[in-house]
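Here are the chains, one letter per residue:
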Amino acid sequence: MRASSSQAQTSAAVRLYFAHERAILGTLMVLLVLIAWEGLERGWWADALRPLLGDSAERFKLKPIFISSPTLIAAAAFRMFFVTGEIWRDLAWSSAGYVLGLGLAIVIGVPFGLAGGWYRRLSYAVEPFLAALNATPQVAFLPLIVIWVGTGLGQRILIIFLLAVLPLAINAHAAVRTTDPRLIKVAGSFGASDWRLFRTIILPSSIPFLLAGLRLAVGRGMIGVVVGEIYGSAAGLGAMINQAGARFQTDKVFVGVLTIVAAGVILVEIVQRVERRVDIWRTPA
Amino acid sequence: MAIPAHLELSAHRERRRARLVRLYLEHERVAIAGGTLLAVLLVWEALGASGLVDPLFISSPTRVARAAWLLSHDRDFWTDLQVSATEFMLGYAGALAVAIPLGLAVGLSKRLQYLIGPFVDTLNAVPRVTLLPLIIIWFGIGIWSKIVVVFLGAVIPVLINTQSGVKTSEARFIRVARSFSASKLKIFSSIILPGTVPFIFTGAKYGAGRALLGVVVGELYASTAGLGHLIAEAGNTFQTDIVFVGALLFMAAGLITVALLDALERRFERWRPQPR
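Remember, it's a predicted structure, so these values are computed and weren't measured experimentally.

### Description of the overall build of chain A
Secondary structure summary: chain A contains 13 helices and 0 strands in total. For chain A, the C-alpha radius of gyration of 26 Å lies well beyond 19 Å, the compact-globule estimate for 285 residues. Summarising its shape, the C-alpha atoms of chain A cover approximately 85 × 75 × 35 Å along the three principal directions. The buried share of chain A, reckoned over its 285 residues, is 41%.

Written as structure tokens, this is what we have:
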């Protein structure tokens, strides 16, 4: 059976479509939404619908302070990144708090979780606190933190720490608990010291759990960046978003939000890359 | 031959001690947990009472209890509680009502997933509380802005989990059902849906935490009433005990929600045969 050449052409086009269906449909939808959005702000839809609806078509034109528009946001982003450069200072300020808070969470949460997994009694002692703290929205402690350390860098570090430390500690705890007990028994019967046991068995088998915890902590810490700057921080992305929101500079708010989205995506991607790399040596079960 | 009295006595003591040890070991977990909790409360109280640390900073268990008692006689407090509960329930219920059907649909239809995937991924990458300034511009500082942020917080994890639940349905079951020419509806209702329930619950539990976070942050950020408003005000006026009461109430809300969802999940999973 032979297909005619035009049929072959269409089927090639269809094949091409199916091969990239995901990218094509996704891009189309995003474009559609962006155009609809732009049109709302510029009044395209109001103009188009006026003959049909008369004056009530004005409802389809929204004020820029209300929704902004993709082009306004792009212009604002260009201005903030490359003309005034104001956003770099906010980025640096937020990153400082974020890195210190997350670092503190790793330095405290991971050893603490590992110890809790290893020493049964320690685990009994701290389990209720961890469970209760994990069920609480930790930002409820923000007013307390402000009372304790004021509204400076310390407050932001503490809230990021508090948000990020639980997934790290809980995952480290679970990691030790799920270590293959046969391996530990074998090493024990060959007289391995606790330290050696820890270094050669528990730590390597914990790494995937720790990285999964880190992935969660990275996301949680982002909440801390924004929430920690609610209370009049001098600079920072969260503070910038809040101030812009209070002044109805909607385009700047969007730029800030999108910057945080980008940072979040990049950080999670980095952790995932590391996760994949670390998993290479592991023999598939 | 009779056993000398003093030996018998010591054996008796030994047995009693062994029984005590056994009793302790059986309940070691509870004993240690309770003991630690008690110790923490005592140290906290002692620190507050001794004047080593200003009670303004750390309050103390008795002060917190007193504040809770006083608050429970305050009508404004109950209004705050009611406002927060309304925000949580409406936003969370809305999120479940949207996310579960949408998640099922997205899991079943590849095309639908391609269409809305980019938006879900973007929203998932950003802590939704970041959107608060926008949401407040759009919905004001009243109850609706919190309902929206609660909704946004909870909808994404439920949606993503439901979708991946559908995706991981047992392919063998579906093949078997197909070869017995089961209808699509039948396959959906008797294979895909039951298989997805645990995933939905995982998402719902995660979403509940996100929803509570939305209530707190929304109310801390800008509000006229609610528990978050209460603790923000108390924090500003250094009423540390009231802040603790508020934080504990949020803790209780989190624990209760998760416990309720666990109970519900067990009910839903009762039909499933136990492994082995």
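### Quick look at the overall build of chain B
A tally of regular secondary structure across chain B gives 12 helices and 0 strands. Against the 2.2 N^0.38 benchmark of 19 Å for 276 residues, chain B shows a C-alpha radius of gyration of 27 Å, more extended than a compact globule. On the principal axes, the C-alpha backbone points of chain B span a range of 85 × 70 × 30 Å. Across the 276 residues that make up chain B, the buried fraction comes to 41%. Considering only intrachain contacts with a sequence separation of at least 6, the fraction spanning at least 24 residues in chain B is 72%. Of the roughly 15700 Å² of accessible surface on chain B, a fraction of 67% belongs to carbon and sulfur atoms.

### Some details on the packing of helix 2 (residues 28-50) of chain B against helix 4 (residues 61-71) of chain B
All names here are of chain B. As a packed pair, helix 2 and helix 4 sit with axes 8 Å apart at the nearest point and diverge in direction by 90 degrees. Taken together, helix 2 and helix 4 sit at an angle that is classed as roughly perpendicular. Contact residues: helix 2 offers Leu41, Trp44, Glu45 and Gly48, while helix 4 offers Pro61, Thr62, Arg63 and Val64. Here the residues of the contact of helix 2 with helix 4 sort into 4 nonpolar, 2 polar and 2 charged.

### Details of the side chain of Arg210 of chain B
Tracing the backbone through its elements, the reader meets Arg210 of chain B in helix 10 (residues 184-221). Here Arg210 of chain B is buried and forms no salt bridge, its nearest opposite-charge partner Asp121 of chain B lying at an N-O distance of 14 Å. Sequence-distant contacts of Arg210 of chain B, that is, excluding residues within four places in its chain, are made with Arg220 and Ile223 of chain A together with Arg128, Gly153, Ala154 and Pro157 of chain B.

### Side note on the packing of aromatic side chains
Residues and elements named next belong to chain A. In this structure the tally under the stated criterion is 10 aromatic pairs over all chains. Measuring from centroid to centroid gives 6.1 Å for Phe81 and Phe82, while their planes differ by 40 degrees, and the two rings are tilted. Plain terms: the ring middles of Trp195 and Phe198 are 5.9 Å apart, the flat faces sit at 25 degrees to each other, and that makes the pair stacked. One end of the pair, Trp195, and the other, Phe198, are both in helix 11 (residues 194-228), 3 residues apart, so they sit about a helical turn from each other. Here the aromatic residues Phe78, Phe81, Phe82 and Trp88 are joined through ring pairs into a cluster of three or more.

### What about unusual backbone geometry?
All names here are of chain B. One non-glycine residue, Ser59, lies in the positive phi region at around 55 degrees. Turning to its location among the elements, Ser59 is positioned in the loop between helix 3 (55-58) and helix 4. Residue class for Ser59 comes out buried when judged on its relative accessible area of 1%. Residues other than glycine seldom take positive phi values, yet Ser181 does so here, at roughly 50 degrees. Here Ser181 shows up in the loop between helix 9 (171-179) and helix 10.

### A look at the pattern of salt bridges
Across all of its chains, the model carries 10 salt bridges over all chains by this definition. As a salt-bridge pair, Arg215 of chain A and Glu275 of chain A come within 2.8 Å of each other at their nearest N and O atoms. In this pair, Arg215 of chain A is assigned in helix 11 and Glu275 of chain A in helix 13 (residues 250-279), connecting sequence segments 60 residues apart. For Glu275 of chain A, a relative accessible area of 17% translates into the label buried. One salt bridge in this structure joins Lys205 of chain B and Asp262 of chain B, with 2.9 Å as the shortest N-O distance.

### Let's talk about the confidence of the model for chain B
Per-residue pLDDT for chain B has a mean of 85; in total, 96% of the residues score no lower than 70. What the predictor reports for the complex is a pTM of 0.84 with an ipTM of 0.81.

### Focus on the interface of chain A and chain B
Size of an interface: often given as the accessible area lost when the parts come together. Contacts between the two partners involve 52 residues from chain A and, on the opposite side, 51 residues from chain B. Its salt-bridge partner being Arg120 of chain A, residue Glu28 of chain B comes within 3.1 Å of it at the nearest N-O pair. Where chain A meets chain B, there are 3 residue pairs in polar contact (both at pLDDT 80 or more). Of all the secondary-structure elements, those providing two or more residues to the side of chain A that touches chain B are helix 1 (5-19), helix 2 (21-42), helix 4 (64-67), helix 7 (120-135), helix 8 (142-149), helix 11, helix 12 (237-246) and helix 13 of chain A. The leading source of residues in the side of chain A that touches chain B is helix 7 of chain A, at 10 residues. Among the residues forming the side of chain A that touches chain B, the class breakdown is 40 nonpolar, 6 polar and 6 charged.

### As for the packing of helix 6 (residues 86-118) of chain A against helix 9 (residues 153-177) of chain A
Residues and elements named next belong to chain A. At a closest axis distance of 6 Å, the pairing of helix 6 and helix 9 adopts a crossing angle of 30 degrees. Judged by the angle between their axes, helix 6 and helix 9 are roughly parallel. Helix-helix and strand crossings are classified by hand; for helix 6 and helix 9 the assignment is right-handed. Residues that form the contact of helix 6 with helix 9 fall into these classes: 21 nonpolar, 8 polar and 2 charged.

### As for helix 11 (residues 227-236) of chain B
Counted residue by residue, helix 11 of chain B has 8 buried out of 10 residues, so it is predominantly covered. Those residues of helix 11 of chain B not exposed but buried are Leu227, Gly228, His229, Leu230, Ile231, Ala232, Ala234 and Gly235 of chain B.

### Looking at a nonpolar patch on the surface
All names here are of chain A. A contiguous nonpolar patch, built from Leu31, Leu34, Ile35, Trp44, Trp45, Leu52, Leu53 and Phe60 and spanning about 750 Å² of accessible area, is present on the exposed surface. Listed by contribution, the elements that provide at least two residues to the nonpolar patch are helix 2 and helix 3 (44-53). No other element matches the 4 residues that helix 3 contributes to the nonpolar patch. The topology assignment puts Phe60 in the loop between helix 3 and helix 4.

Reading the values: rules and limits
Residues numbered from 1 in each chain as written. Chains lettered and ligands numbered in written order. Predicted model: local features only at pLDDT ≥ 70, side-chain atom pairs only at ≥ 80, totals over all residues. Heavy atoms only, no water. Helix = DSSP H or I, 4+ residues; strand = E, 2+ residues; numbered from the N terminus. Rg over C-alpha atoms; globule rule 2.2 N^0.38 Å. Buried < 20%, exposed > 50% of the residue type's maximum accessible area, 1.4 Å probe, protein only. Contact = heavy atoms within 4.5 Å. Areas by Shrake-Rupley, 256 points an atom, 1.4 Å probe, with all protein chains shown as cover. Axes fitted to C-alpha atoms, helices over the stretch in contact; angles between N-to-C directions. Parallel < 35°, antiparallel > 145°, perpendicular 65-115°, else oblique. Nonpolar A, V, L, I, M, F, W, Y, C, P; charged D, E, K, R; others polar. Lys, Arg positive; Asp, Glu negative; His and termini not counted. Salt bridge = Lys/Arg side-chain N within 4 Å of Asp/Glu carboxyl O. Phe/Tyr/Trp six-rings, centres within 6.5 Å; stacked < 30°, edge-to-face > 60°. pLDDT = per-residue confidence, 0-100. Polar contact = N/O pair within 3.5 Å; in protein donor to acceptor, adjacent residues only side chain to side chain. Left-handed = near helix turned anticlockwise from the far one by under 90°. Patch = residues over 30% accessible without salt bridge, like charges linked within 9 Å, V, L, I, M, F, W, Y side chains within 5 Å.

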